[in-house]
Amino acid sequence: MADIIQLLPDHVANQIAAGEVVQRPASVVKELLENAIDANASSIKLIIKDGGKTLIQVVDNGLGMSTTDARLSFERHATSKISCAEDLFNLHTKGFRGEALASIAAIAHVEMNTRRSNDELGTQIKIEGGRLVSQEVAASPTGTSIAVKNLFFNIPARRNFLKSNQVEHRHITDEFQRVALAHPGVEFLYYSNGSLLFNLPPTEYRKRIVQIFGRKSNEKLVPVSEEVPQIKISGFVCKPEFAKKSRGEQFFFVNNRFIKSSYLHHALVSAFEGLIRQDYIPGYFIYLELDPASIDINIHPTKTEIKFEDEHSLYAFLRSAVRHSLGQFNVSPMLDFERDANLDTPYHYKNKDADLPHITVDSSFNPFKSPKPGGFMGSREKKSTEGWENMYIGLESGMGQEMTTHTGSSGLARSEGELFTESVPSQVSTLQLGRKYILATIKSGLLVIDQQRAHQRVLYERLLKRMTLKETVSQQLLFPLVLSYSPDEIVLLKEMHTDLVDLGFSFEEWEEGQVKIKGIPPLMKEDHVGMVLDELISNYKEKFHGTDYSQTDTLAKAVSKTMAVKNGEVLDSSAQVALVNDLFSCKEIDRSPFNKPIFVTISEKDIENKFN
Ligand code: ADP
Ligand code: MG
């Protein structure tokens, strides 16, 4: 039989390699930005169109290339950054594999213009799908410009696999921010679909963070700085009260390269022990500098994960550096306290007055108009009571007598108790357990309700209804709030505008980086607005990366989450009763908007069994 193995032609090999290097437009952005940094550029411009699907262009004022180098740069394993294996252990550049340009050129239309400062004329090269289309002498500015058009034009399966322009754009912005944060001394300009999104003049680390994340980020930052011969740690952590439930502003850089490390993340989170709730994540911008020989960057094709020689010491060193600066800057007066973080209420809830679950009083409510037997509370939002009835099966007859202790009226401003028929448990007995559960007696036993989830459900249904029916109500603020946001947060706020208006917000861009808020949803407290919007933005950002996405639903969920009473809050008896009543006028009573069970029942039988 004939031999059957053959060597793949270069352009096929490059296409295959491209699959590893280029997952999406953002990967191209990362490679091109890093090449510009490696070429010592002091100013870098990123231009994208349609989430990078139509165009990704990076223009730098760096070293440029000779004509031969320009041509060679598109060959696989062509690199100026290493020449022997030993060099791998002394890397000071981002790139070294020499496959990025070859891979990108294999799957797109690429045009490069480049000139070194001492050369009179530059070079222009066009390559499509790995094939050279033209190479010419051209007058070009010093530095290099690489334009990548029609990514994946020859791999339809990959092109179809790309997400919406907005999602791809978001990934690109993430990459851009990582590179810009790692190199504050370099000027960056970022244009998307013709508009300038980020304009970052050269500066130092702290100001670069503020340039990217907006003025308000400045007050959040606590400097971290520690040095031993093998390693230097610098950067910032965000004060504990700014920790969020969702991921977002977590950045590690090793020798100015953004990396992901769940191990180091853990070290950082553990340094915040006792200062933030267990499920909260602190923000951080940590820069590590260590000997390139003590790390191995080579383990991941896109190079965001690295291996450290002595991980354990690094962990301990990082943790103590962060604890040290938290202590030094007096953000952690109780550092040495052994506390159960679970019992802590999050910081922003500590200072607020204990408020009741928000109750809407329907002023047009007429108790005499809805005397549906079995109707619960004359149900303000909803006339049907299936939910409640299912729960209280067999109850109707003797409700009044069963409920012996009276712990509160309905929680409404007026006392309605006497207006209801006997069958209505307007005097439901409740008790709060562990500042977390509401116990309510029902005929067949005991109901244990998770207060936070119950309130989320109540708020969620109200918000959803208001948004879908466009029954917008807004409380106008006497003095408008002015809040500052980063450029990409402003973009997100604009994207969410319609839904935010449906929720009851009214706002406009005030001046660059600032938004003037004139109206907010009813029931929302003014001093919560900033927090709620922050959470909405980060929620929206996260959801956007997912596939099934319904904006209205996401917003209703996010708002219900931020506005709901939290575990740990004391509810007085009228608030407890109101919450129970509100819950049972919901369409769905047993699951929170996040699909968690809201209550459990303990039957009389269960209790009896315990005594046997
Ligand atoms: P690597 O960065 O791993 O060396 P690339 O494929 O990204 O591989 O680039 C190949 C080579 O092309 C680089 O080593 C560098 O010499 C040259 N090059 C790429 N981009 C630029 C640029 N913007 N300015 C100057 N030289 C560049
Ligand atoms: Mg490179």
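Note that the coordinates shown come from a computational prediction; the quantities given were computed from them, not determined experimentally. (Residues numbered from 1 in each chain as written. Chains lettered and ligands numbered in written order. Predicted model: local features only at pLDDT ≥ 70, side-chain atom pairs only at ≥ 80, totals over all residues. Heavy atoms only, no water.)

Asker: Sorry if this is basic, but what is going on with the overall build of the protein chain here?
Answerer: When its secondary structure is counted, the protein chain shows 19 helices and 22 strands. Counting across all 612 residues of the protein chain, residues that qualify as buried make up 51%. The contacts of the protein chain with a sequence gap of at least 6 include a subset with a gap of at least 24, amounting to 70%. By element, 52% of the accessible surface of the protein chain is carried by carbon and sulfur atoms, the whole surface being about 29000 Å². (Helix = DSSP H or I, 4+ residues; strand = E, 2+ residues; numbered from the N terminus. Buried < 20%, exposed > 50% of the residue type's maximum accessible area, 1.4 Å probe, protein only. Contact = heavy atoms within 4.5 Å. Areas by Shrake-Rupley, 256 points an atom, 1.4 Å probe, with all protein chains shown as cover.)

Asker: Please explain the layout of surface pockets as it appears in this structure.
Answerer: The probe, sized like a water molecule, is rolled over the atoms to show the empty space still left. Looking at the largest pocket, its volume works out to about 1100 Å³. Lining of the largest pocket is provided by 44 residues; of these, D174, R178, G248, F258 and K260 occupy positions nearest its centre. Mapped onto the lining of the largest pocket, the elements with two or more residues apiece are helix 2 (25-38), helix 6 (165-182), strand 11 (250-254), strand 12 (257-259), helix 8 (262-271) and helix 16 (529-545). Counting residues per element, the lining of the largest pocket draws most heavily on helix 16, which supplies 6 residues. When the residues that make up the lining of the largest pocket are grouped by side-chain class, the tally is 14 nonpolar, 15 polar and 15 charged. (1 Å grid on protein atoms, 1.4 Å probe; cavity = no way out; pocket = protein on both sides within 12 Å on 5 of 7 lines; lining within 4 Å. Points joined across faces, edges and corners; volume = space filled by probe spheres on them. Nonpolar A, V, L, I, M, F, W, Y, C, P; charged D, E, K, R; others polar.)

Asker: When you look at unusual backbone geometry in this model, what are you seeing that I'm missing?
Answerer: For residues besides glycine, phi is generally negative; the peptide bonds are generally trans as well. The phi angle at D50 is positive, at roughly 50°, despite the residue not being glycine. Summarising the element assignment, D50 is placed in the loop between strand 1 (43-49) and strand 2 (55-60). The exposure class of D50 is partly exposed, given its relative accessible area of 30%. The phi torsion at N595 lies on the positive side, around 60°, for a residue other than glycine. Locating N595 in the fold gives a position in the loop between helix 18 (573-583) and strand 22 (599-603).

Asker: Help me out: how do you make sense of the sheet that holds strand 18 (residues 445-450) in this one?
Answerer: Picture the strands of a sheet paired through backbone hydrogen bonds; they go either parallel or antiparallel. Within the open sheet, the 4 strands sit side by side as 16-17-18-22. Their pairing is antiparallel. At either margin of the open sheet sits one strand with a lone partner, and together these are strand 16 (430-433) and strand 22. Looking at each pair of strands side by side, their axes are set apart by 25° on average, direction ignored. Pairing of strand 18 with strand 22, which is carried by 5 bridges, proceeds in the antiparallel orientation. Along strand 22, the bridge assignment pairs L447 with T601. (Pairing = 2+ DSSP bridges. Axes fitted to C-alpha atoms, helices over the stretch in contact; angles between N-to-C directions.)

Asker: Please clarify how the site of ligand 1 should be interpreted in this entry.
Answerer: Close contacts around ligand 1 come from 18 residues, with N35, T79, S80, K81 and G98 the closest. Between S80 and ligand 1, the recorded distance is 2.5 Å, taken from a side-chain N or O atom to an oxygen atom. A100 has a polar backbone atom sitting 3.2 Å from an oxygen atom of ligand 1. For the shell around ligand 1, the residue count by class is 6 nonpolar, 8 polar and 4 charged. (Near = heavy atom within 4 Å. Polar contact = N/O pair within 3.5 Å; in protein donor to acceptor, adjacent residues only side chain to side chain.)

Asker: Help me understand the packing of helix 8 against helix 9 (residues 311-328), please; the structure alone is not making it clear to me.
Answerer: Geometrically, a packed helix pair is captured by the angle between its two axes and the distance between the axes. Two numbers describe how helix 8 lies on helix 9: the axes approach to 8 Å, and their chain directions differ by 30°. Judged on the interaxial angle alone, helix 9 and helix 8 are roughly parallel. The chirality of how helix 8 crosses helix 9 is right-handed. Packed against helix 8, whose contacting residues are Y263, L264, H266, A267, L268, S270 and A271, the element helix 9 presents E311, H312, L314, Y315, L318, R319, V322, R323 and L326 at the interface. When the residues that make up the contact of helix 8 with helix 9 are grouped by side-chain class, the tally is 10 nonpolar, 3 polar and 3 charged. (Parallel < 35°, antiparallel > 145°, perpendicular 65-115°, else oblique. Left-handed = near helix turned anticlockwise from the far one by under 90°.)

Asker: I keep staring at helix 1 (residues 10-21) and nothing clicks. Help me out?
Answerer: Since the α-helix advances by 3.6 residues per turn, residues separated by three or four positions end up pointing in the same direction. The end-to-end C-alpha separation of helix 1 is 16 Å, in line with the 16 Å expected for 12 residues at 1.5 Å each. Where helix 1 is concerned, the buried positions are A13, N14, A17, A18 and V21. One side of helix 1 holds all its buried residues, which, seen down the axis, span an arc of 145°. (Expected span 1.5 Å × (residues − 1). Arc of directions from axis to C-beta.)

Asker: I would appreciate a short explanation of the environment of N539 in the present structure.
Answerer: Inspection of the secondary structure assignment puts N539 in helix 16. Along the primary structure N539 and S246 are separated by 293 residues, whereas in three dimensions their C-alpha atoms are 7.4 Å apart. Leaving out residues up to four positions away in the same chain, N539 has contacts with A558 and K561.

Asker: What is the right way to read the sheet that holds strand 20 (residues 506-511) from this model?
Answerer: Judged by pairing direction, the sheet is antiparallel, and its 3 strands sit side by side in the order 19-21-20 without closing on themselves. Whereas interior strands pair on both sides, the edge strands pair on one side only; in this sheet they are strand 19 (475-484) and strand 20. On average, adjacent strands in this sheet sit at an angle of 20° to one another, irrespective of strand direction. With 5 bridges connecting them, strand 20 and strand 21 (residues 514-520) associate as antiparallel partners. Note that in strand 21 the partner of S506 across the bridge is G519.

Asker: Even after reading the chapter, I still don't get the nonpolar core, so can you show me in this structure?
Answerer: Among soluble globular proteins, nonpolar side chains are generally buried collectively. Ranked by internal contacts, the top residues of the largest apolar core, which has 58 residues, are V148 and F188. When residues in this core are grouped by element, the largest group, 7 residues, is from helix 2. Excluding residues that lie within four positions of it along the chain, V148 makes contacts with V28, L32, T54, L55, I56, I104, A108, H109 and V110. Grouped together as the second largest cluster of nonpolar side chains are 32 residues, L459, L492, F507 and Y540 included. (Core = buried A, V, L, I, M, F, W, Y, C linked by side-chain atoms within 4.5 Å.)

Asker: Is there a simple way to explain the packing of aromatic side chains in this structure?
Answerer: How two aromatic rings sit relative to each other is given by the distance of their centres and the angle of their planes. Across all of its chains, the model carries 15 aromatic pairs by this definition. With centroids separated by 6.0 Å and ring planes inclined at 55°, the aromatic side chains of F213 and F251 adopt a geometry described as tilted. With F213 in helix 7 (residues 205-213) and F251 in strand 11, the pair connects residues that are 38 residues apart, well separated along the chain. Assessed through its relative accessible area of 6%, F251 is described here as buried. A centroid spacing of 6.1 Å and a plane angle of 0° characterise the contact between F251 and F253, whose relative ring orientation is stacked. (Phe/Tyr/Trp six-rings, centres within 6.5 Å; stacked < 30°, edge-to-face > 60°.)

Asker: I tried to follow a nonpolar patch on the surface on my own but got confused; where do I start?
Answerer: A surface patch of nonpolar side chains, amounting to about 300 Å² of accessible area, comprises I602, I607 and F611. Structurally, F611 is set in the segment after helix 19 (604-610). (Patch = residues over 30% accessible without salt bridge, like charges linked within 9 Å, V, L, I, M, F, W, Y side chains within 5 Å. Salt bridge = Lys/Arg side-chain N within 4 Å of Asp/Glu carboxyl O.)

Asker: What's the story with the confidence of the model for the protein chain in this structure? I'm lost.
Answerer: In low-pLDDT segments, the atomic positions of the prediction should not be examined closely. For the protein chain, the mean per-residue pLDDT works out to 80, and 81% of the residues sit at or above 70. Scored below 50 in pLDDT, residues 332-425 makes 158 contacts in the model with residues more than four places away or belonging to other chains. Confidence over residues 545-549 falls short of pLDDT 50; this stretch has 9 contacts with residues more than four positions distant or in other chains. (pLDDT = per-residue confidence, 0-100.)

Asker: Honestly, the side chain of T114 in this entry has me stumped. Any pointers?
Answerer: Residue placement: T114 occurs in strand 3 (residues 109-115). Of note is the side chain of T114, whose polar atom sits 2.9 Å from the backbone nitrogen of M65. In this structure T114 touches G64, M65, A70, G122, T123, S140, G143 and T144, once residues within four positions along its chain are discounted.

Asker: I'm lost on the environment of T472 in this one. Help?
Answerer: Checked against the element boundaries, T472 lands in the loop between helix 13 (451-468) and strand 19. In this structure T472 comes out as partly exposed when scored by relative accessible area, which is 36%. Taking the C-alpha atoms as reference points, T472 and P521, 49 residues apart in sequence, are found 8.4 Å from one another. Every residue in contact with T472, bar those within four places of it in the chain, is listed here: R466, V501, D502 and G504.

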